[in-house]
Amino acid sequence: MPSQYVIHLAVMILFFAYLGAAWNILGGYAGQFSFGHAAFFGLGAYTSTLLHIHYGVSPWIGMALGGLAGVLLGLGSGFLSFRYGLRGPYFALVMLAFAEMLRLLFETWMSRSYPLGLPIPLKGTSLLDFQFRDKGHYFYIILVMLIAVTWLCHRLARSRVGAYWMAIRDNEEAAQALGIDAFAYKLLAMAISAFLTALGGTFYAQYFLTLEVNELFGVQISVEILLSAIIGGAGTVFGPLVGAVALQLLSEVTRVYVRAFSGFDLMVYGGVLILVIIFLPQGLLEGMRRPYRAMARALST
Amino acid sequence: MLILQALLSGLLNGGIYSLVAVGLTLIFGVMRIINFAHGSLMMLGMYVSYWLFVLWGVDPYLALIASGSVLFAVGVLIEAVLVSPVLEAPEHDQLLLTLGISLVIENLALFLWKADPRTVTVPYLAVAPMVGGIMISSPRVIAFVVSLALTAVLYVFLKRTDLGKAIRAVSQDREGALTVGINMRRIYALAFGIGCACVGVAGGLVVPFYAVDPYVGGVFVITAFVVVVLGGMGNFGGALLAALIVGLAESVAAVFIPAAMKQVVMYTIFVVVLLFRPQGLFGARRA
Amino acid sequence: MALLELAGVSRSFGGVRAVNALSFAVPEGEIVGLIGPNGSGKTTVFNLISGVFLPNQGTLTFAGASLIGRKPHEICRLGIGRTFQIVQPFNSLTVLENVRVGAFRTIGDPDRAAHEADAVLRLVGLSHKREALPPSLTIADRKRLELARALATRPRLLLLDEVMAGLRPAETLEMLELARRIHASGVTLLVIEHVMRAVMSLSHRILVLHHGEKLAEGTPQEVSRDPEVIRAYLGEEYRPA
């Protein structure tokens, strides 16, 4: 029986792989880099938690409703951004601004309505209430979520939708000339990505059973969401998983060997991000494939 | 009277914003790079000034020379080692790179100097003269004057000197600049260095009245982004004017709305301008 | 009735008239060449037809339906395909995947779309490069890819923007041959071309643009004898030795 520590580490790896995969649909496949996925994440967490506290709605149902709230937010922010032709870094920054606006609004709201923090009722272990004493249950839940999203990505990547997203990513003008409604397909990517990210928010809320506005809506979570996808390989099915494994293990190792201080893992992430962008802009997965391909070529000639 | 006080402090803040934003807009104009690390670099400038004062008692205004030069050097170094390899990469890679740089700088600062806010008390600046019932904070006035003076110097440098003209040529027409034999590598390094020096000096200027901590840059960088977008990305004069407008609007708004909402207003301006007037308030609409 | 019809179409940019009161028709089954000096408005005409720009005045109709106000992707779905003067491949997709994006317009199933894309690649002679990435292709092959991708959307009318520019003589001949084959398969062509001999031999009719206006229209023979055309345009290239 693995220790709770190992299980926690595994949960975190799968969790960030899941979030990275959710981001990857919009950022990797459709090529629209969002720096503000915290908006969907936080919205999902607060939707299910507030519904649970006030109306006794099971967090499972709250999760779905949070996902829908994410879709609405995604469609709203996507409509504005794409309708007015925001691309590249401008889109990234506008998404960041949306997330920050939400963070400030929730901060004001929460400090007024719940000055002592959100009173999440603790039920011990209760399937209906999405609460478990044993972290192992969370492991299986996030594993299923990750498998589902990976399967979805795999299916989408091979379908017409995926091909259209990649065409838009590579060259929007040419994509439109081939009959692709770029605006609609970008909105679709946004909606799916936002939905899945919001589900991740509920998982996070149920796993830690405390909600802190700055953690849920902050720039840091936006960055961590995109990091595993970018580092592993944006626009690939398994990139987010590879990235999450690499990042979480790296941050654990450094936490053990270096005197811990808050923010150290972020510094490491920053360093890895810089190295990957400069040396392996396609991500670790592609970096691992490259020597393999070179070998295959060498063997075949 | 409250409004008058707000107008004054808004105008003074606007001066600082102009120096921060001018650095950001210069880097964008020349290299087409949105420098996400701009705020972290300002924080670095603040710490340079802070430590010179605390360790050796260097006058903060003398320390400006140090914070400006240190940040210039840091900028040139960052450009040469990290930015130049990705100049031809997709735009979002460049944004991610500067994000990585800011993560490293911020958390390194956290490691070295801890999260506590640190303040500098300069005895001769403590007196705040009252003029007609309005309190005039002398470090803010000095910051305002120096910022505007430096912005003006930079403007003249870009307009009049050969080097400045070369920088402008690159920002207006890359290919054209290449054909007339301008050394791009040098111009890029210079632009990045100057942009960082601006923010280094700005950091030094605010130290006498603004507590420094590893995350302080975030406060300024958002404002700087709003200013740059409002003034038109890469538009030097626009940034100056927009800085004053933002400074004024922000302090006047603070009289009426809570502080958290003030930032929401800031972000709203940012989003609205990017969506509806991406060329800024003063630019002509592109065809 | 003509397949494509422009009537009194004008478009200006910042006070400059790029296209002025232009009227012409492309009958179904023809190859029409659009020629004119640099800056005469040829590519603007393509961009007006394909919905990139809105005209300030005039009407554009395709198979009886107005094109005004339709977005580029809607115009493609009506049956107008186009290539770009500067090729615009999807650089991270293989040649086959590039063409499959076009095939997906009419075929939803990925495998059948790939099958269709393969057929188009055979037609344009790019089958041997199906797994290559566009940046590794020669100019001629990139132009073929551009054409194949547009063709895979199964257009009734194909707008070709300088697909022969920058090609070597042998490649130009191959491209000419390819254009004829595409035409023979039932696609109407509107062709912008700078390579004069090629466009003259390919087109049934030629339209000469000058400063955004129609200078002349007729068979290649008529146009090449038109004194105005010779003065304004052909004269520069066909100056008697």
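Structure report, in brief. What you see is a predicted model; the values in this text were computed from it and never measured. Every chain is numbered on its own, with residues counted from 1 as its sequence reads. Throughout, the order in which chains and ligands are written sets their labels, letters from A for the former and numbers from 1 for the latter. Where totals are concerned, whole chains, interfaces and linings use all residues; where local detail is concerned, this predicted model gives features only for residues with pLDDT of at least 70, and gives and counts side-chain atom pairs only at 80 or more. The side-chain quantities take in all heavy atoms of the structure and omit both hydrogens and water.

### Some points on the pairing of strand 7 (residues 157-161) of chain C
Residue and element names in this part refer to chain C.
And step 1. Counted residue by residue, strand 7 has five buried out of five residues, so it is predominantly covered.
And step 2. Here strand 7 shows no split at all, with Leu157, Leu159 and Asp161 on one side and Leu158 and Leu160 on the other all buried.
And step 3. Where strand 6 (residues 80-82) lies against strand 7, three bridges are found, and the strand directions are parallel. Bridge assignment links Gly81 to a residue of strand 7, and that residue is Leu158.
And step 4. The pairing of strand 7 with strand 8 (residues 188-192) spans five bridges and is classified as parallel. In the strand pairing of strand 8, Leu160 is matched with Val191. The buried label applies to any residue whose accessible area, calculated with a 1.4 Å probe on protein chains only, is under 20% of its type's maximum; exposed applies above 50%, and partly exposed to all values in between. The secondary structure listing takes helices from DSSP runs of H or I that are at least 4 residues long and strands from runs of E that are at least 2 residues long, numbered from the N terminus. Whether two strands pair comes down to DSSP finding at least two bridges between them.

### Considering the packing of aromatic side chains
Here a ring pair, both rings aromatic, is described through the centre-centre distance and the interplanar angle of the planes.
All names here are of chain A.
And step 1. Aromatic rings from Phe, Tyr and Trp, with only the six-membered ring used for Trp, were paired whenever their centres fell within 6.5 Å, and each pair was classed as stacked if the ring planes differed by under 30 degrees, edge-to-face if by over 60, and tilted otherwise. In the structure shown here, the tally under the stated rule is 32 aromatic pairs over all chains.
And step 2. On the basis of an interplanar angle of 80° and a centroid distance of 5.4 Å, the ring pair of Phe132 and Tyr138 is categorised as edge-to-face. Just as Phe132 is buried, Tyr138 falls in that class too.
And step 3. Grouping aromatic residues by their ring pairs yields a cluster made of Phe15, Phe16, Phe41, Trp60, Phe130, Phe132, Tyr138, Phe203, Tyr204, Tyr207 and Phe208.

### A few points about the sheet that holds strand 1 (residues 4-13) of chain C
Residue and element names in this part refer to chain C.
And step 1. Here four strands make up an open sheet; going across it, the order is 2-1-4-5 and the pairing antiparallel. Looking at which strands have only one partner, the edges of the open sheet turn out to be strand 2 (16-26) and strand 5 (65-66).
And step 2. Two strands pair when backbone bridges link them, and strand 1 and strand 4 (residues 57-62) are joined in this way by five bridges, in the antiparallel orientation. Its bridge partner being in strand 4, Ala7 is matched across the sheet by Thr59.
And step 3. Against the sheet, helix 1 (residues 42-49) touches strand 1, strand 2 and strand 4, its axis set at about 115° to strand 1. Contacts are assigned to residue pairs with any non-hydrogen atoms lying within 4.5 Å of each other. Working convention: axes come from line fits to C-alpha atoms, limited for helices to the stretch in contact. Angles between N-to-C directions cover 0 to 180 degrees.

### Comments concerning the environment of Ala177(B)
Residues and elements named next belong to chain B.
And step 1. Within the element layout of this structure, Ala177 appears in helix 7 (residues 174-179).
And step 2. Here the alpha-carbon distance between Ala177 and Thr119, two residues 58 residues apart in the chain, equals 45 Å.
And step 3. Not counting residues up to four positions away in its chain, the partners in contact with Ala177 are Ala169, Val170, Ile182 and Met184.

### Considering the arrangement of the chains
And step 1. For the two pairs of chains in contact, the maximum contact count is reached by chains A and B.
And step 2. Nothing in chain B touches chain C, and the closest approach of their C-alpha atoms is 7 Å.

### A word on the interface of chain A and chain C
And step 1. Taken together, the 19 residues of chain A in the interface contact 23 residues of chain C.
And step 2. In protein, a polar contact requires one atom able to donate a hydrogen and another able to accept it; more generally it is a pair of N or O atoms within 3.5 Å, and residues adjacent in sequence count only if both atoms are side-chain atoms. Linking chain A with chain C are 10 residue pairs in polar contact (both at pLDDT 80 or more), by the criterion used here.
And step 3. Mapped onto the side of chain A that touches chain C, the elements with two or more residues apiece are helix 6 (160-170) and helix 7 (172-177) of chain A.
And step 4. When residues in the side of chain A that touches chain C are grouped by element, the largest group, seven residues, is from helix 6 of chain A.

### With respect to the sheet that holds strand 6 of chain C
Residue and element names in this part refer to chain C.
And step 1. A sheet is described by the order of its strands in space; here six strands give the open sequence 6-7-8-3-9-10, paired in mixed fashion. This sheet does not close on itself; its edge strands, each paired only once, are strand 6 and strand 10 (213-218). Pairwise comparison of adjacent strand axes, ignoring direction, gives a mean angle of 20° for this sheet.
And step 2. As paired strands, strand 3 (residues 31-35) and strand 8 are joined by four bridges and run parallel to one another. Residue pairing for strand 8: Val32 is matched across the bridge by Leu190.

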